[in-house]
Amino acid sequence: MKPIHYLGLAVRLLAICLMVYGVFNLAALITSFYYSSEFGRFSMRSLPLLLVIVALPMLISILLWFFPLTVAHKLLGNEERVFEPISPVNILTILIASIGLFFLYLSLMDSVYWFTSYNFLSAMSPTFSFGPEDKAQIVSTAVELAFALILTLRCKSIAKLVAHIAR
């Protein structure tokens, strides 16, 4: 198998994680829809957001499931077309891209959590503001998202740098 195939497998695993996350949030959507008349304005405001939280990961997971090699090709760039044993740099590139995809998934899900928390709590109280701990966690999530994007989008450069340093 070529490096692009290994990364394609990692992309498919990410698609499975996103689908599970969407199904998990489906319970919150159903509950909110069921109790929408009971909570009034708060619940009616949260229904479209919950629909996005459920639908977006599921749509992205469907796209990733059907086009994993396209995503892998975009991340790895041009690769040689002849079959040859996988080199250590290519293995390192695949591992770095997989780690980046995993942390990208985690940080995106944390971002969704903070966004929905703010939406729900600000709907309940117009003077709501996060405390210092929450603000620190939001900054931590933003930094995690930035590093995950760097790991994912610059996986080849990072792998070459690590291989150069290891020599």
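This text follows the structure it describes.
Summarised in this report is the structure supplied together with it. Per chain, residue numbering runs from 1 following the sequence as it is written. Thresholds applied to this predicted model are a pLDDT of at least 70 for local features of residues and 80 or more for the giving and counting of side-chain atom pairs; totals over whole chains, interfaces and linings are not thresholded and use all residues. Side-chain calculation: all heavy atoms of the structure are included, whereas hydrogens and water are not.

1. A short note on helix α4 (residues 68–76)
What counts here: Buried residues are those whose accessible area, probed at 1.4 Å on protein chains only, stays under 20% of the maximum for their type, while exposed residues exceed 50% and partly exposed ones sit between those limits. Numbering of helices and strands starts at the N terminus; helices are DSSP runs of H or I of at least 4 residues and strands are runs of E of at least 2. In this context, the arc is that of the directions from the helix axis out to the C-beta atoms.
Every buried residue belonging to α4 is among Pro68, Ala72, Leu75 and Leu76, and all of these are buried. Here the buried residues of α4 occupy an arc of 85° about the axis, which is enough to place them on one side. Two residues or fewer past α4, Gly77 is found with a positive phi of approximately 80°.

2. Digging into the nonpolar core
To be explicit about the condition: For our purposes a nonpolar core is just a set of buried Ala, Val, Leu, Ile, Met, Phe, Trp, Tyr and Cys residues, chained together by side-chain atoms within 4.5 Å.
The biggest cluster of nonpolar side chains holds 21 residues, and the ones touching the most others in it are Leu7, Leu14, Leu18, Leu64 and Tyr105. The set of elements that each furnish at least two residues to this core consists of α1 (3–34), α3 (41–66), α4, α5 (88–124) and α7 (155–166). Here the element with the most residues in this core is α1; it accounts for 8 residues.

3. What about the packing of aromatic side chains?
What counts here: In summary, the pairing rule links any two rings of Phe, Tyr or Trp, Trp by its six-membered ring, whose centres are within 6.5 Å, and it sorts them by plane angle into stacked for under 30 degrees, edge-to-face for over 60 and tilted for everything else. Any Lys NZ or Arg CZ found within 6 Å of a ring centre and within 35 degrees of that ring's normal is scored as a charge over the ring.
Taken as a whole, this structure holds 6 aromatic pairs when the rule is applied. Summarising the aromatic geometry, the rings of Tyr118 and Phe130 are spaced 6.0 Å apart at their centres and angled 45° between planes, so their arrangement reads as tilted. A residue pair is termed long-range when its members are at least 10 positions apart, and Tyr118 in helix α5 and Phe130 in the loop between α5 and α6 (132–153) qualify at 12 residues. Taking the relative accessible area as the measure of exposure, Tyr118 reaches 43% and is therefore partly exposed. Judged by centre distance (5.1 Å) and plane angle (80°), the ring pair of Phe128 and Phe130 falls under edge-to-face. An aromatic cluster is built from Tyr113, Trp114, Tyr118, Phe128 and Phe130, whose rings are joined through pairwise contacts. When the ring centre of Trp65 is taken as origin, the NZ or CZ atom of Arg12, which lies over that ring, is 4.4 Å away.

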